[in-house]
Amino acid sequence: MIEHFQLKLADSHMLAPRVRHLAFERADGAPFKYMPGQFIQIHFNYDDGKPTKRSYSVGTPNHDGAAGRLELAVSFVEGGAATQLLGNLPHGDSIEASGPYGRFCLLNEDANQRYFLIATGTGITPYRAMLPSIEKLIATRGRKFALLYGARNEHELLYADQFEAFASQHPEFTFHACLSRTARATPHPHDHHGHVQEVLPELLPDPEHDIAYLCGNPNMIDATFTQLKELGLPIKNIRREKYVSSR
Ligand SMILES: Cc1cc2nc3c(=O)[nH]c(=O)nc-3n(C[C@H](O)[C@H](O)[C@H](O)COP(=O)(O)OP(=O)(O)OC[C@H]3O[C@@H](n4cnc5c(N)ncnc54)[C@H](O)[C@@H]3O)c2cc1C
């Protein structure tokens with residue numbers, strides 16, 4: 001059910017030079033109910049008083065359908081109205097929000113034996129929220145996951161330590177850092193120099209048993225969608241969440 005509520009900023013830190021992690025609590029103290037993969041909307045006014053809104057994926061790893069804190073990763077866009085608000089919001093201040101929205105959630109069907117989770121930038125956020133569900137799908141259904149994460153350099157790999165710790169505990173989950181500009185100072189086993197699309201042919205997509213999730217930059221999503229189709233994946237097995245401005 002979609003609700004409107006006030007969110008109070010409880011904590012924050014910089015994840016990368018231009019990406020802020022924000023942890024909110026509902027001002028009414030209620031837990032926030034959502035499915036991993038869903039997003040919320042932030043409602044605010046432009047300087048001229050005109051109302052507007054922006055969407056942000058919920059990143060809090062979710063164990064039981066609700067969370068006390070609502071965590072977002074916000075990438076700073078030059079001249080952006082929401083960037084101005086969320087980039088400078090002081091701890092203790094409140095904003096108006098609504099949600100949850102969206103259906104970019106993990107399907108659990110017999111045919112889905114391997115999941116490609118593909119992201120650039122803050123598009124990694126929904127997969128962070130999904131980690132407890134992924135753990136359950138591995139333990140109870142023997143599913144496999146390959147997370148392909150595109151960034152320019154290692155400093156832009158958000159939450160990489162959390163995904164790599166998860167991968168080291170779960171051999172069924174592999175983390176492929178795809179760095180288009182600068183390799184890591186200490187490369188990791190699945191690192192790739194280049195874009196996420198270049199790793200997919202090596203993973204031999206199986207049209208019968210693979211499902212792909214694409215999240216983040218619209219150009220990456222279009223290029224990867226085309227490539228997955230060419231590699232034989234049916235369109236119904238390619239799910240997309242494009243980070244376009246929702247004004
Ligand atoms: C479902 C969904 C989920 C989203 N989740 C997230 C999330 O988790 N984290 C996150 O950071 N963003 C997310 N976004 C994008 C977010 O909603 C905003 O569009 C983004 O934060 C920019 O808002 P802004 O008000 O700062 O910029 P705006 O005022 O909307 O834009 C300012 C200028 O920058 C351009 N612009 C807008 N976005 C970009 C961009 N990404 N790159 C380059 N130029 C741009 C605009 O065309 C405009 O000219 C999501 C979008 C959708 C639709």
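Note that the structure is a prediction, hence the values are computed from the model and not measured. (Residues numbered from 1 in each chain as written. Predicted model: local features only at pLDDT ≥ 70, side-chain atom pairs only at ≥ 80, totals over all residues.)

## Topic: the site of the ligand
Around the ligand, 23 residues are found, and the nearest of them are Ser 55, Gly 80, Ala 82, Thr 83 and Thr 122. Secondary structure elements with two or more residues in the shell around the ligand: strand S5 (51–57), strand S7 (70–75) and helix H1 (81–88). Residue classes in the shell around the ligand are distributed as 10 nonpolar, 10 polar and three charged. Both domains that meet at the shell around the ligand, namely domain 1 (3–101) and domain 2 (114–242), each give it at least three residues. (Near = placed C-beta within 6 Å. Helix = DSSP H or I, 4+ residues; strand = E, 2+ residues; numbered from the N terminus. Nonpolar A, V, L, I, M, F, W, Y, C, P; charged D, E, K, R; others polar. Domains from an automatic or database assignment.)

## Let's talk about the nonpolar core
Leu 117, Ile 118, Leu 147 and Tyr 149 are the most contacted members of the largest nonpolar core, which totals 58 residues. Of the domains in this structure, domain 1 (3–101) and domain 2 (114–242) are the two that each give at least three residues to this core. Sequence-distant contacts of Ile 118, defined by excluding residues within four places in its chain, comprise Leu 148, Val 196, Ala 212, Tyr 213, Leu 214 and Thr 224. (Core = buried A, V, L, I, M, F, W, Y, C linked by C-beta atoms within 7 Å. Buried ≥ 20, exposed ≤ 12 C-beta atoms within 10 Å, placed from the backbone. Contact = placed C-beta atoms within 7 Å.)

## Let's talk about the domain arrangement of the protein
Taken domain by domain, the protein holds domain 1 (3–101) and domain 2 (114–242). For domain 1 and domain 2, the distance between their C-alpha centres works out to 24 Å. Contacts between the two partners involve 15 residues from domain 1 and, on the opposite side, 13 residues from domain 2. Secondary-structure elements contributing two or more residues to the side of domain 1 that touches domain 2 are strand S1 (3–16) and S7. Residues belonging to the side of domain 1 that touches domain 2 are distributed by class as follows: eight nonpolar, seven polar and no charged.

## Focus on the pairing of strand S8 (residues 94–101)
With six bridges joining them, S1 and S8 adopt antiparallel strand pairing. Note that in S8 the partner of Gln 6 across the bridge is Glu 96. With four bridges joining them, strand S4 (residues 39–45) and S8 adopt antiparallel strand pairing. When the sheet's bridge partners are listed, Phe 39 is paired in S8 with Tyr 101. (Pairing = 2+ DSSP bridges.)

## Topic: the sheet that holds S5
Spatial strand order, S5-S4-S8-S1-S2-S7: six strands in an open sheet with antiparallel pairing. Every interior strand has two partners, whereas the edge strands, S5 and S7, have only one. Ignoring which end each strand starts from, the neighbouring axes of this sheet average 40° apart. Here H1 sits on the sheet and contacts strand S2 (19–26), S4, S5 and S7; the angle it forms with S2, its principal contact strand, is near 70°. (Axes fitted to C-alpha atoms, helices over the stretch in contact; angles between N-to-C directions.)

## Concerning the pairing of S2
Examined bridge by bridge, S1 and S2 share eight bridges and lie antiparallel to one another. Bridge pairing links Ala 16 to Val 19 in S2. If you look at the hairpin formed by S1 and S2, you'll find two residues sitting between the two strands. As defined by bridge partners, S2 adjoins S7 across six bridges and the pair is classed as antiparallel.

## Some points on the sheet that holds strand S14 (residues 238–242)
Spatially, S12-S11-S10-S9-S13-S14 is the arrangement adopted by the six strands of the open sheet, whose pairing is parallel. Both outer strands of the open sheet, strand S12 (192–193) and S14, are each paired with one neighbouring strand and no more. Examined bridge by bridge, strand S9 (residues 114–120) and strand S13 (residues 210–216) share six bridges and lie parallel to one another. Across the sheet, residue Tyr 115 finds its bridge partner in S13, namely Ile 211. Sheet strands in contact with helix H3 (residues 160–169) are strand S10 (144–151) and strand S11 (173–179), and its direction is about 145° off that of S11.

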